[in-house]
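Residue-level listing of the chains:
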Amino acid sequence: MDLASGLLHGFSVALTPMNLLFGFMGAVIGTIVGILPGLGPLGTMALLLSLTYGFDPTAGMILFAGIYFGAMYGGSTTSILLNIPGEAASVVTVIEGYQMARRGRAGAALAVAAVGSFVAGTISLVGLSFLAPTLAGAALRFGPAEYLAVALVGLVIMSRLTGGSLMRSLMMISIGLALGTVGMETVAGYMRYTFKQPLLAQGIDFLPVAMGLFGISEVLITAEEPVGKAQLQKVRFRELWPTAVEWHRSFWPMLRGSVIGFFVGLIPGPSPVISTMVSYSVEKRLDKHGEFGRGAIEGVAGPEAANNASVGAAYIPLMALGIPFTPAMAVVMAVLLIHGINPGPLLMTEKPDLFWGVIASMYIGNFMLVVFNLPLVGVFANIIRTPLWLLMPIVLLLCLVGVYSVNNSMLDLWLMVGFGLLGYLLRRLRYDLAPLVLALVLGPMMERSFREAMMIGRGDLTVFVRRPISAAILAVGLAVLVLPTLIARARRLLRRAPAT
């Protein structure tokens, strides 16, 4: 199936009433989640993961795509109107967006953010449509050694890009990999670390871990924080249209942000956050008006385009290689796995309805988000006034019911509570939880690939460097791990060297 016929088939799937409903629900839920500070798209998708058990997998994927894109839209609303980033990827938008609101240009900032997000989302989806099938074809040449190399290098790159200490990130990866060894060993078939619990024979389920780390811990963190009152900047619908000058100044930042976000989205790690920072830095360097820090519209257009473009790009490694590069994609991967579907290079041929239907639904979802977000911006912004004492118990109830409803297991509830306490402690100690989640998802696949590669190479570890693709991927990982340290040491030596 070529690209044109694939997209036509995808639109025929995405435009069915049920899938349209799920796309709309995802867009609305995502927008609300992006507005409310704290929970984020990852926690929300983890909470709703149990609900997808009873849905068609295509509907579940469409729902989660809407949530992910919607959260990027919603986060900009409170960043501009309230000086509160509803989502981590909208932190940069606060800098210029709120200053524009104080100058009476909140409507222009919101419109540029929405249009920039739509343009970037469209560009990233075009890239997804072209690149995912091509990469899937190339991935058919991958063997166990290549898959292990990609997963290992992905974790290494993420440990460098999380923004915290390298040792802390590696510790989180180690914990995730250790948790991934629980259950039946894949080759010999003996039990490991099950403590005579039959339910652990299949390993630790992703759902209680994700709900505990991101749902329960969020409730505990929020319960500690003092209640603050936000002052809402009012904006009328007729004020949403930017001036011709503002459109002109926003055009190139939107395009640059789209390109930056797309390519950053292909890198393992928190790509929406990183892409906004890179885009803001680029726009600040190219500034010709001297308004950065005082409400530069380029500082809204570029980062908002970047975070949306990175979302579409993040689907490419998952759908083409079957490897999630972000925690949110790990949750999306769980939707497929619970329905017995393995993402990867064969997904496009074995499940064309799902592959092309999800891509087409993203085009439709982006259009929905623009149509509904701009006219209802005041309504969505008022959601921030929902009292946390009402919201957090609902989140807690969803966690408990969602986890128990899957296996009717008290063990899953205890695991969720335990990981909730662990997540709370780690967040208080400023550890990033994303490497742990990704390592938990990738661990079993890495172990299986390692064992298969060892069997192919008859126990010879050089099998990983004798295969050209595997060797090249490992070389990239080694460079990412070593080069930053060497460059930092070289800079220190140059600073200490006496001037001649």
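Calculation rules
- Residues numbered from 1 in each chain as written.
- Predicted model: local features only at pLDDT ≥ 70, side-chain atom pairs only at ≥ 80, totals over all residues.
- Heavy atoms only, no water.
- Helix = DSSP H or I, 4+ residues; strand = E, 2+ residues; numbered from the N terminus.
- Buried < 20%, exposed > 50% of the residue type's maximum accessible area, 1.4 Å probe, protein only.
- Contact = heavy atoms within 4.5 Å.
- Areas by Shrake-Rupley, 256 points an atom, 1.4 Å probe, with all protein chains shown as cover.
- 1 Å grid on protein atoms, 1.4 Å probe; cavity = no way out; pocket = protein on both sides within 12 Å on 5 of 7 lines; lining within 4 Å.
- Points joined across faces, edges and corners; volume = space filled by probe spheres on them.
- Core = buried A, V, L, I, M, F, W, Y, C linked by side-chain atoms within 4.5 Å.
- Phe/Tyr/Trp six-rings, centres within 6.5 Å; stacked < 30°, edge-to-face > 60°.
- Lys NZ or Arg CZ within 6 Å of the ring centre and 35° of its normal.
- Nonpolar A, V, L, I, M, F, W, Y, C, P; charged D, E, K, R; others polar.
- Salt bridge = Lys/Arg side-chain N within 4 Å of Asp/Glu carboxyl O.
- Polar contact = N/O pair within 3.5 Å; in protein donor to acceptor, adjacent residues only side chain to side chain.
- Expected span 1.5 Å × (residues − 1).
- Bend = angle between axes of the 7 residues up to and from the residue.
- pLDDT = per-residue confidence, 0-100.
- Patch = residues over 30% accessible without salt bridge, like charges linked within 9 Å, V, L, I, M, F, W, Y side chains within 5 Å.

(A) Spatial organisation of the overall build of the protein. A tally of regular secondary structure across the protein gives 21 helices and two strands. A burial count over the protein gives 55% of its 500 residues as buried. At a minimum sequence separation of 6, the contacts of the protein that also span at least 24 residues come to 78%. Carbon together with sulfur atoms contributes 68% to the accessible area of the protein, which is approximately 22300 Å² in total.

(B) Quick look at empty space enclosed by the protein. For the structure on display, the rule yields two cavities of 30 Å³ or more. Of the volumes computed, that of the largest cavity is approximately 120 Å³. For the lining of the largest cavity, the leading source of residues is helix α15 (residues 352-373), giving seven residues.

(C) Summary view of the nonpolar core. Among the nonpolar cores identified, the biggest contains 113 residues, and F64, F206 and Y315 are the most heavily contacted of them. Listed in part, the 15 residues of the second largest apolar core include I80, L82, L110 and M254.

(D) A look at the packing of aromatic side chains. For the structure on display, the rule yields seven aromatic pairs. Ring geometry for F251 versus W252: centroids 5.1 Å apart, planes at 75°, classification edge-to-face. When the centroid spacing of 5.6 Å and the interplanar angle of 85° are considered together, the rings of F262 and F263 count as edge-to-face. Residue F263 is classed as exposed on the basis of its relative accessible area, which comes to 51%. The cationic tip of R168 hangs over the ring face of Y431; the distance from NZ or CZ to the ring centre is 4.3 Å.

(E) Geometry of the layout of surface pockets. Roughly 1400 Å³ of volume is contained in the second largest pocket. Along its surface, the second largest pocket is lined by 50 residues, and L337, V441, P444, M445 and R448 are the ones closest to its centre. Secondary structure elements with two or more residues in the lining of the second largest pocket: α7 (144-161), β1 (183-184), α9 (206-224), α13 (327-337), α14 (347-350), α18 (410-428) and α19 (434-456). For the lining of the second largest pocket, the element with the most residues is α19, which contributes nine residues. Residues that form the lining of the second largest pocket fall into these classes: 31 nonpolar, 12 polar and seven charged.

(F) Summary view of the pattern of salt bridges. The full count for this structure, using the stated rule, is six salt bridges. Note that R192 is salt-bridged to E447, the shortest N-O span being 2.7 Å. With R192 in strand β2 (residues 191-192) and E447 in helix α19, the pair connects residues that are 255 residues apart, well separated along the chain. The same class applies to R192 as to E447, namely buried. Here R466 makes a salt bridge to D460, at a shortest N to O gap of 3.6 Å. Look at R466 and you get exposed, because its relative accessible area is 51%. Taking relative accessible area as the criterion, D460 reaches 31% and is therefore assigned partly exposed.

(G) Expanded view of the side chain of S409. Position of S409 relative to the elements: it lies in the loop between α17 (388-407) and α18. Assessed through its relative accessible area of 3%, S409 is described here as buried. Within the structure, the side chain of S409 is placed 3.1 Å from the backbone nitrogen of L411, a separation counted as a polar contact. For S409, the side chain forms a polar contact with the main-chain nitrogen of D412, separated by 3.3 Å. Setting aside chain neighbours within four positions, we find S409 in contact with L199 and Y404.

(H) Here's a closer look at helix α4 (residues 57-82). Across its 26 residues, α4 extends 37 Å between first and last C-alpha, which sits within 8% of the 38 Å expected from 1.5 Å per residue. Along α4, the sharpest kink reaches roughly 25°, centred on A71. With 26 of 26 residues buried, α4 lies mostly within the body of the structure. The N-cap residue of α4 is D56: its side-chain oxygen and the backbone nitrogen of T58 are 3.0 Å apart.

(I) The confidence of the model for the protein, seen in detail. Scored by pLDDT, the protein comes out at a mean of 81, with 90% of its residues at no less than 70. At the level of individual helices and strands, the protein shows its lowest average pLDDT in helix α16 (residues 377-381), which scores 64, and its highest in α18, which scores 90.

(J) Looking closely at the side chain of T194. You can see T194 is positioned in the loop between β2 and α9. Residue contacts for T194: discarding those within four places in its chain leaves G183, L200 and A201.

(K) Looking closely at a nonpolar patch on the surface. The grouping of L220, Y404, M410, W414, V417 and L421 at the surface amounts to a nonpolar patch, some 580 Å² of accessible area in total. Per-element accounting of the nonpolar patch gives the leading share, four residues, to α18. Position of W414 among the secondary structure elements: in helix α18.

(L) Seen up close, unusual backbone geometry. Even without glycine at this site, R430 takes up a positive phi of about 65°. Considering the arrangement of structural elements, one finds R430 in the loop between α18 and α19. With phi around 55°, R458 is a residue other than glycine that occupies positive phi space.

(M) The environment of T93, seen in detail. Here T93 is to be found in helix α5 (residues 91-102). Separated by 209 residues in sequence, T93 and G302 place their C-alpha atoms 9.3 Å apart. For T93, the residues in contact, after removing those within four places along its chain, are S79, I80, Y98, V300 and E304. In terms of polar contacts, T93 uses its side chain to reach the side chain of E304, at 2.5 Å.

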